[in-house]
Amino acid sequence: MQQIGKRQMSILIIVFLIGSTPLFELGIKAKQDAWIAMTLAAAAGLLLTVMYLRIHKRAPEAGLSELYMMHFGKWLGGAVGLLHACWFAYESMRNVRDVGELTSMALLTLTPKWIVMLLILLASAYTVSKGLEVFVRVGQLLFPIAAVSYALVLLLLLITGLPDIHHLRPVLENGFAPVWRAAFPDLLSFPFGQIVIMLVFWKYVAEKKEIGRITYWSQTGVSIFLIMMNVVIMSVLGPELASVSSLPLLEVVQLIRLANFLERLDVIVTLLLFIGLYVKMTALYMASVFSVNAVTGIAYRYCVMPIGLLIYGSSFLEPNNTYHIWIGLDITLKVVPLFQVALPLLMLLVGVRKKYKAKTKTS
Amino acid sequence: MSIGKLFKLFLAIVLALPAGGCWNRVELNEIGIVSATGVDLKEGKWQISYQVVIPQAISGNVGTPSSAAAVNVFSTTGDSFRSAISRASQETSRRLYFAHNQIVIISQEAARSGLEQLFDVYLRNADSRETVSVFLAKGSARRMLEQLIPLEKIPGAAIQRMIANEEANSSVFREMTMHDVLFDLLGASQATGIPSLTVAGSSESLDQADKLSRTNTPSKVRLNDLGLIDKDRLVGWISKSESRGVMWLAGHIKRATVAFSCREDDKGLKESSVLVTRAKTKLRPEKSGGKWVMHVAVDAEGTLMEYNCEGDLTKPGDVGKVEKAIEEEIKREMELGWQAVRKHKTDVVGFGGSIRQNDSKAWKSMKDDWPEEFSRMDARLSVRMKVGTTGMSGSGFKKTQKKARS
Amino acid sequence: MNKQTQNALTPLSPSLHANVKAVRSRFGGSSDLVVRLFRSDAAPDRELAVVYVDGLVNASTINESIMEPLMGMALPEHAPRKGEKMIDALRGCVVSVGSVREVRTLDEALQGMADGLCLILADGSAAALTADANGGDQRAVTNPQTQTVIRGPQYGFVENIRTNISLVRRIIRSPNLHVQMHKIGRQTNSNVAVLYLHGVVDEGILKEVYRRLADIDIDGVLESGYIEEFIQDETFTLFPTLLNTERPDTVAAALLEGRVAVLVDGTPIALMAPTNFFTFFQSPEDFYQRYDIASFVRIIRYAAFIVSMLLPALYIAVTTYHQEMLPTTLLISLAAQREGIPFPGLIEALLMELTFEVLREAGLRMPRAIGPAISIVGALVLGQSAVQAGIVSAGMVIVVSFTAISNFVMPESNMAATSRILRFAFMLMAGMLGFFGIFISVLFMLIHMTSLRSFGVPYMSPMAPGPKKQGLWRDVFVRLPWWAVVLRPLDMKLRNPKRRPNGRKPAAQRHSDNP
């Protein structure tokens with residue numbers, strides 16, 4: 001069986017949660033208080049992780065689908081597992097589509113989307129076919145690249161003095177309500193609640209005892225980083241410009257002009273965008289394959305191709321970007337809590353009633 | 001699915017790609033690099049002018065660069081910006097390439113009729129970079145593009161450097177990039193100031209390269225007044241000296257030379273000057289008696305550059321007097337600027353933003369008629385000047401001469 | 001040898017003449033087979049024969065240590081003079097060569113002769129002796145041709161495996177240096193030696209090396225490249241998973257790091273395994289120079305590797321897709337150069353790169369005497385005049401030349417070859433999709449690289465996966481001073497993973513001015 005180390009798991013969590021998040025100004029509905037909304041959502045995300053970890057501890061060798069089957073019985077649990085697998089595939093599809101949309105918006109305006117999406121999905125499928133070990137190692141390689149790029153952007157922003165902390169004032173201009181509305185469910189569902197994917201991967205971690213500690217630390221660190229990026233973007237662009245811009249970080253980086261030389265750093269942002277989206281889509285794709293494999297017993301390698309085709313095919317269902325965003329923000333967000341909160345919570349409750357822990361000890 | 005198969009699929013796609021063509025590919029000799037754009041309003045239609053760089057004239061492959069003009073200017077018209085730009089293909093062999101556009105010049109008429117269309121183009125398109133500098137022109141924008149600038153090959157880039165130089169060294173105007181403009185117009189007070197360009201000197205245009213072969217040119221491009229934009233249209237002009245006051249109020253002074261007179265009553269010649277090397281402006285709004293008052297506190301530091309007064313700079317008391325004189329001068333400049341913007345009811349100094357940050361509730365109630373509210377405001381100005389260095393000689397030359405005679 | 005061939009072995013006959021005839025016929029009457037029949041004083045009634053292949057043996061050893069004692073020296077009084085006992089006596093008392101072995105089958109005898117042994121036959125004995133008289137002409141030990149260093153030993157391997165092993169032994173003077181010989185190649189019967197440091201090496205990897213060597217079934221092994229392709233983990237990869245070198249000090253260093261070395265007779269190039277990607281960026285000189293300059297140079301090498309893979313692709317992407325990334329003045333001067341160039345940027349780049357590859361291959365293959373001429377043709381005619389004629393732009397020539405030069409920085413030529421091939425893939429992708437194309441192809445490359453293993457060691461370790469042990473980083477991107485590098489660099493299960501005890505840097509003796 002494949003095994004990953006605790007450091008690898010930590011990097012997986014970090015890279016997965018960062019994903020493409022810093023490129024967007026999330027929680028902009030709360031205007032200059034976006035960071036407060038982020039903080040709330042991050043804290044709630046940690047609570048979700050506590051719940052996931054409790055479920056995981058009941059059967060450290062079980063993946064998400066196995067857990068469903070244990071709690072809800074073979075048939076019902078299997079069906080829920082498959083549903084969740086579909087959900088992972090759907091989320092992966094959204095990232096594929098994001099790559100297509102953002103590339104055609106910012107980078108290759110005339111290139112057809114199908115080729116861009118096909119290529120990135122092929123890279124993803126190639127990784128999935130190589131397995132989890134290779135994927136986390138690729139993550140380990142991409143992590144330093146992303147870290148250096150973010151550090152460079154932040155450093156240059158500091159040197160040029162673009163951020164102006166006054167843009168964060170006045171705090172809570174319209175009271176607490178808009179902040180709360182921005183945080184829940186939007187920000188909790190994306191990105192923090194997506195950590196539910198770790199229920200699939202935790203069983204492969206070699207150091208079972210350290211999972212909780214490492215997960216909490218990684219998630220806290222990532223949350224702080226995401227909030228910081230949110231603050232930086234806001235303090236450069238101000239709430240009004242940040243809300244009209246589709247890729248705020250690109251906007252910020254375009255403003256950096258230093259020594260007539262470090263002017264056009266768009267490529268860094270583009271790179272970060274692709275790295276983030278690739279990691280996310282691959283992790284979700286892989287989670288989907290793992291879940292299908294666990295429920296149906298179809299060999300892993302035979303699952304890769306059909307699910308990939310499914311993801312690719314479904315990425316064409318939305319006619320244009322407006323639909324894509326609309327479905328993402330209005331429809332998807334209403335369904336997400338089912339998978340991130342409701343089902344795991346149900347599992348937790350069912351488990352309490354069944355006294356699952358005691359049962360496994362005796363058996 | 002085996003890895004080998006996947007890899008083969010990848011290879012097949014890669015090999016099939018050339019057949020599909022290269023969608024976004026454009027060779028360097030297929031693009032016309034636009035270095036400056038002009039926006040005019042002609043009979044209700046937008047007239048867009050382009051200053052296109054001719055690369056061979058700048059760095060030719062063979063021998064020395066030719067003495068021909070390095071840019072070519074032409075215009076197209078249309079109801080919308082993009083339709084005008086798309087018409088360019090009817091007159092030029094190359095695709096216009098805007099990513100290296102350095103400046104946008106907007107004519108007075110165009111600015112008065114409203115610029116929302118222009119701003120939308122910049123917000124929507126990735127190839128229109130928001131780092132372009134924006135200028136107004138009192139006359140035709142196209143004529144500004146046609147002017148050559150001594151020492152420089154590409155006028156668009158030259159004007160961009162001119163404003164950067166101005167901002168860094170005398171701070172009468174500051175470079176307004178499209179980002180700055182959008183930022184101000186989307187901000188609390190929804191108003192901004194944009195510097196303007198004029199052709200100074202004789203009416204003869206400097207539009208032939210051989211005119212640059214003389215040691216002096218009959219006319220030249222110069223930065224002139226500051227145009228005040230409210231919402232999205234031009235509402236008025238303020239002069240250079242008023243513009244400096246606005247820069248003081250808004251806290252945009254980076255380096256400035258302030259000329260001052262030694263006489264307390266401000267009647268004499270301003271024969272001395274100080275180079276302000278650091279300046280900071282603090283705004284503090286206060287509501288007093290149903291009326292808003294803005295306390296503007298400037299904290300500046302500088303080096304004495306010219307001194308033609310009676311004082312003896314080796315004495316602390318006299319240095320204090322000099323500082324006082326400078327403070328008064330700066331206050332006068334600010335007062336000038338403040339009266340000008342108040343008259344035009346355009347808040348280009350950021351008072352609205354300051355009130356919003358300090359008292360967002362009060363701001364909400366009055367933001368709808370902010371221009372009126374703004375014009376009713378009072379500004380209490382205070383300046384603290386610190387002369388750090390007085391230069392290498394103690395007292396003025398005149399006084400030293402007198403001393404030497406006695 | 002497996003059992004079936006063992007059964008087919010023909011025993012030697014007691015008759016001397018029958019044996020000689022059999023040897024002659026098996027060699028097909030080859031003219032370099034020397035058969036010397038004689039009677040010695042020691043056993044006048046018995047005919048003896050000395051048989052060897054001319055050129056494989058050292059003539060003076062034959063004369064002085066075999067023929068002379070056999071002909072001149074009498075056997076001791078009590079020694080038996082008949083049959084096999086006499087052979088024993090000859091071995092014990094007469095033949096004065098270091099290594100003498102008794103053989104009982106014709107095949108063994110023939111194999112020995114092919115290896116350069118001298119066969120001694122006696123009439124009436126079904127046993128014979130093979131005496132080591134190995135010799136003949138061979139190249140002297142000289143400077144290494146490909147991996148040159150300024151500081152460090154200046155000798156390289158030669159084609160003779162015995163010399164090569166001895167060169168390594170002279171560096172590691174320890175009985176822990178173990179050498180296992182294998183014969184590979186049905187026809188060539190090449191000697192293949194596996195060298196390792198006992199007590200350090202990972203036994204699992206050693207077993208794996210033996211297993212893979214034993215699986216090789218081929219008629220001939222002419223060079224270590226044959227072995228390399230048989231024992232590497234993955235065939236369909238552009239990345240080398242075995243190190244090779246012609247320097248004994250490099251082999252010794254590898255052995256000390258716990259690697260296994262494979263030496264093949266007939267080639268100066270030795271193989272070393274396992275390895276990881278980062279080892280290919282280490283030159284032996286890194287370890288002889290001061291650590292600071294070594295680290296600097298190593299970083300330069302990584303940069304050069306990236307340049308040699310990606311620079312033309314980046315140039316194509318920037319000039320044909322992302323012109324906004326260039327500073328305005330650079331864009332204008334590049335645009336001026338491109339005026340009148342007939343080809344698109346991608347074609348231009350491919351043209352120049354292919355031209356360079358042709359020049360490079362021509363430079364390798366052509367007789368040395370006309371080498372300088374070709375470099376003039378290449379540099380002047382192709383570079384200069386192509387620009388002047390307006391076929392390619394000057395910028396492109398600069399890019400291609402710098403790429404080519406960067407490629408020569410790599411200490412390992414097989415990794416340099418990888419970047420040469422990948423360069424074309426990157427160029428094509430850049431020409432079709434700009435930066436996105438480059439990103440996708442680099443991503444594919446990274447995924448592929450992380451999936452590789454060299455004898456079980458992940459190829460991208462210690463970067464991915466990160467080391468299980470701390471401290472493996474100290475000799476990857478930079479080289480820390482020797483006293484700080486405590487662990488052997490590869491993430492293997494070594495018996496003895498530490499090179500030196502933990503500890504602080506060796507303190508210099510304090511000098512003080514006042515005693």
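Residues numbered from 1 in each chain as written. Chains lettered and ligands numbered in written order. Predicted model: local features only at pLDDT ≥ 70, side-chain atom pairs only at ≥ 80, totals over all residues. Heavy atoms only, no water.

By the naming in an unreviewed UniProt entry, chain B is Ger(X)C family spore germination protein, taken from Paenibacillus arenilitoris. The Sequence similarities (unreviewed entry) field of the UniProt record for chain B holds the comment "Belongs to the GerABKC lipoprotein family." Taken directly from UniProt, the Subcellular location (unreviewed entry) text for chain B runs: "Membrane". (UniProt positions renumbered as here; feature names shortened; annotations may be inferred.)

Looking at an unreviewed UniProt entry, chain A carries the name Endospore germination permease, with the source organism given as Paenibacillus arenilitoris. The Subcellular location (unreviewed entry) field of the UniProt record for chain A holds the comment "Membrane". Quoted straight from UniProt, the Sequence similarities (unreviewed entry) entry for chain A says "Belongs to the amino acid-polyamine-organocation (APC) superfamily. Spore germination protein (SGP) (TC 2.A.3.9) family."

### A word on the overall build of chain B
Regarding its fold elements, chain B presents 14 helices and 13 strands. For chain B, the residues scored as buried account for 51% of the 406 residues in total. For chain B, restricting intrachain contacts to residue pairs at least 6 apart in sequence, the fraction spanning at least 24 positions comes to 68%. Accessible surface, chain B as shown: approximately 18,600 Å² in total, 50% of it carbon and sulfur. Computing the positive centroid from 58 side-chain charges and the negative centroid from 49, chain B places the two 3 Å apart. (Helix = DSSP H or I, 4+ residues; strand = E, 2+ residues; numbered from the N terminus. Buried < 20%, exposed > 50% of the residue type's maximum accessible area, 1.4 Å probe, protein only. Contact = heavy atoms within 4.5 Å. Areas by Shrake-Rupley, 256 points an atom, 1.4 Å probe, with all protein chains shown as cover. Lys, Arg positive; Asp, Glu negative; His and termini not counted. Charge placed at Lys NZ, Arg CZ, Asp CG, Glu CD.)

### A closer look at a positive patch on the surface
A cluster of basic residues, A:K31, B:K361, B:K364 and B:K367, forms a positive patch on the protein surface. Mapped onto the elements of the fold, B:K367 is located in the loop between α12 (360–366) and α13 (370–376). A residue is classified by how much of its surface remains accessible, and B:K367, at 42% relative accessible area, is partly exposed. (Patch = residues over 30% accessible without salt bridge, like charges linked within 9 Å, V, L, I, M, F, W, Y side chains within 5 Å. Salt bridge = Lys/Arg side-chain N within 4 Å of Asp/Glu carboxyl O.)

### Structural notes on the interface of chain B and chain A
The partner chain A presents 38 residues to the 31 residues of chain B that form the contact. Across the chain B to chain A interface the summed buried area is about 3,200 Å²; carbon plus sulfur atoms make up 60%. Taken together, the connections running from chain B to chain A amount to 1 salt bridge. Residue A:E240 pairs with B:R356 through a salt bridge whose shortest N-O separation is 3.6 Å. Between chain B and chain A we count 1 residue pair in polar contact (both at pLDDT 80 or more) in total. Going through the elements one at a time, α1 (3–20), α8 (178–186), α11 (351–358) and α12 of chain B are the ones with two or more residues in the side of chain B that touches chain A. (Buried area = accessible area lost by both parts, 1.4 Å probe. Polar contact = N/O pair within 3.5 Å; in protein donor to acceptor, adjacent residues only side chain to side chain.)

### Some remarks on the environment of C:G116
All names here are of chain C. Structurally, G116 is set in the loop between α5 (106–114) and β4 (117–122). Judged by relative accessible area, G116 falls into the buried class, the value being 1%. Sequence separation between G116 and V94 is 22 residues; the distance between their C-alpha atoms is 20 Å. Apart from residues lying up to four places away in sequence, G116 is in contact with L56, V57, A133 and N134.

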